[in-house]
Amino acid sequence: MSSSAAPSPSHEHDDHGHDGHHGHDGHDHGQGSADPCGGPARGLWSVDEHLADILATVAPLEPIELQLLDAQGCVLVEDVTVPVALPPFDNSSMDGYAVRVADVSGATEEFPAVLTVIGDVAAGAGGLPEVGPGQAARIMTGAPLPPGAEAVVPVEWTDGGTGGGAATGMTAASTAPEGAGGEVRVHRAAEAGAHVRRAGSDVRAGELALEVGTVLGPPQIGLLAAIGRGTVKVRPRPRVVVLSTGSELVQPGEPLGEGQIHDSNSFALAAAARDAGALAYRVGAVADDAESLRSTIEDQLIRADLIVTTGGVSVGAYDVVKEALTADGQVDFRKLAMQPGKPQGFGAIGAEQIPLLALPGNPVSSYVSFELFVRPAIRALMGVEDLHRPRVRAVLDAEKALSSPAGRRQFLRGRYDREAGTVTPVGGAGSHLIAALAHADCLLVVPEETEGVEPGDELEVVLLG
């Protein structure tokens, strides 16, 4: 069955109600007998072999031209150079007065420089007044420095043209247009270039703005807009279709009948796909019927760059994912030397050969499998270089030793203390313990050759946050 959140008390350390079937445990690593779960005539696959098989098949998506906001989260496939300098002209970084340096030299509060105000210069203004000897132009932040002016004195260094003491702000032009005329008293001297943002001080024309491979976040999109780019060539975000299988699954918000549970996997994995950078489409749970599953998947191929299923990949009588997808041989079902997540499926389906990853149904198994296999596949489709979550070494902080099955790489949930360099297990090894998973921020990795880890031992940790 394809349990999305149901416990498996008799197989607590396995991935599925049927995954722990000892008649097909797969500990024989030889190649002599056919795997009863399908796939090649071989024993267990390693985690690394399975991942390598996936990444060898998944190729980056073809580039397309997108509007800026549609390109958020996408990867650039071209270098972007600056067509026009930023800023494109000398402009004021303060509200104040544009002046000549000689006219305010030696100015103090006791002996202010008195200048004639010849007009306003607002942001976006054209037809700029020329500042001559003994003159000043009232100027706003971002406005172009008028000809003749060499510096800007902030309004706080002046009387604001009121004839009084130091001003704290300017009178709005709309309510007092006469504020743009008259005289202003400047109480402090200014050096050449004071409070002026020079043309090209951010980037100069012809410089590299963003290089190929950059993932476009808000600051990068802001830069593209600032240099006048309305569109950009990127690899699009992959479209990932996520569906759960199981006749026992009920949509959250709906009442549960006898033997039913709420579908959690499709929500968790759709969220995980978004977190990885994909556009995720969650499909409602599909009943344990092979024909219905085949039909549903076929309908989804039109909007999918990757399909992810959960449940129905083990050896039970109702494991419909295997039943539905092994008939044409396009999807290979295999057993991995890992816990949780032993049963896995991978292949390419449809005329477009869309990659499909079939994950086990227990929530922890499906999520761990997503992090290890689906997330790197999504990142590969995006064309990013960094496919994997960051990994660190940390010291085990636990009350007792941890045991791990021989020959299987175990992934336990935990919380990582960055300052202390320690990691603490969260919950047990059961693959149905979704509450513990919700409080974890990392995975503890126990290697295949290790059967026990003592408090104080160092472990590899996969950071999830």
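Residues numbered from 1 in each chain as written. Predicted model: local features only at pLDDT ≥ 70, side-chain atom pairs only at ≥ 80, totals over all residues. Heavy atoms only, no water.

Q: Mind showing me how you'd approach the overall build of the protein chain here?
A: Within the protein chain, the secondary structure is distributed over eight helices and 28 strands. When each of the 465 residues of the protein chain is scored for burial, the buried share is 49%. Pairs at least 24 apart in sequence give 73% of the contacts found in the protein chain among residues at least 6 apart. Of the roughly 20500 Å² of accessible surface on the protein chain, a fraction of 51% belongs to carbon and sulfur atoms. (Helix = DSSP H or I, 4+ residues; strand = E, 2+ residues; numbered from the N terminus. Buried < 20%, exposed > 50% of the residue type's maximum accessible area, 1.4 Å probe, protein only. Contact = heavy atoms within 4.5 Å. Areas by Shrake-Rupley, 256 points an atom, 1.4 Å probe, with all protein chains shown as cover.)

Q: Looking at this model, I keep getting lost on helix α5 (residues 290-300). Mind explaining?
A: Counting along an α-helix, one turn takes 3.6 residues, and residues three or four places apart therefore face a common direction. Among all positions of α5, only A290, L293, T296, I297 and Q300 are buried. Down the axis of α5, the buried side of the element spans an arc of 130 degrees, and every buried residue falls inside it. Turned more than 90 degrees away from the buried face of α5, the exposed residues are E298 and D299. Considering only its buried residues, α5 is in contact with β13 (239-245), β16 (279-286), β17 (306-310), α6 (320-325), β20 (343-349) and β21 (354-359). (Arc of directions from axis to C-beta.)

Q: Whenever I open this one, helix α4 (residues 265-276) confuses me. Can you help?
A: The terminal C-alpha atoms of α4 lie 16 Å apart, and with 12 residues this matches the ideal 16 Å at 1.5 Å per residue to within 8%. Among the residues making up α4, those that are buried are N265, S266, L269, A270, A272, A273 and A276. Take α4 and look down its axis: the buried residues cluster within an arc of 160 degrees, on one side only. In this structure, the buried side of α4 is in contact with β13, β16, β17, β21 and α7 (363-382). Directly after α4, the chain includes G277, whose backbone phi takes a positive value near 115 degrees. (Expected span 1.5 Å × (residues − 1).)

Q: So what exactly am I meant to see when it comes to the environment of G73 here?
A: Inspection of the secondary structure assignment puts G73 in the loop between β1 (64-67) and β2 (75-76). Counting along the chain gives 204 residues from G73 to G277, while the straight-line C-alpha distance between them is 6.2 Å. When residues no more than four places from it in sequence are discounted, the contact partners of G73 are V215, L216, R237 and M382.

Q: Is there a simple way to think about the environment of M170 in this case?
A: On the secondary structure map, M170 appears in the loop between β8 (151-154) and β9 (183-186). On the basis of relative accessible area, M170 is assigned to the partly exposed category, the value being 24%. Sequence spacing of M170 and D95 is 75 residues, and the spatial spacing of their C-alpha atoms is 8.0 Å. Among all residues touching M170, those that are not within four sequence positions of it are D95, G96, Y97, R138, I139, M140 and V155.

Q: Honestly, the sheet that holds β8 in this entry has me stumped. Any pointers?
A: Adjacent strands of a sheet form backbone hydrogen bonds with each other and so pair up, either parallel or antiparallel. The mixed open sheet is built from five strands, whose spatial order is β8-β5-β7-β6-β9. On the outer flanks of this sheet lie β8 and β9, each paired with one strand and no other. Direction aside, neighbouring strands of the sheet carry axes that sit 40 degrees apart on average. By the bridge criterion, four bridges tie strand β6 (residues 113-121) to strand β7 (residues 135-139) in an arrangement that is parallel. Each bridged residue has a counterpart across the sheet, and for V121 the counterpart in β7 is I139. (Pairing = 2+ DSSP bridges. Axes fitted to C-alpha atoms, helices over the stretch in contact; angles between N-to-C directions.)

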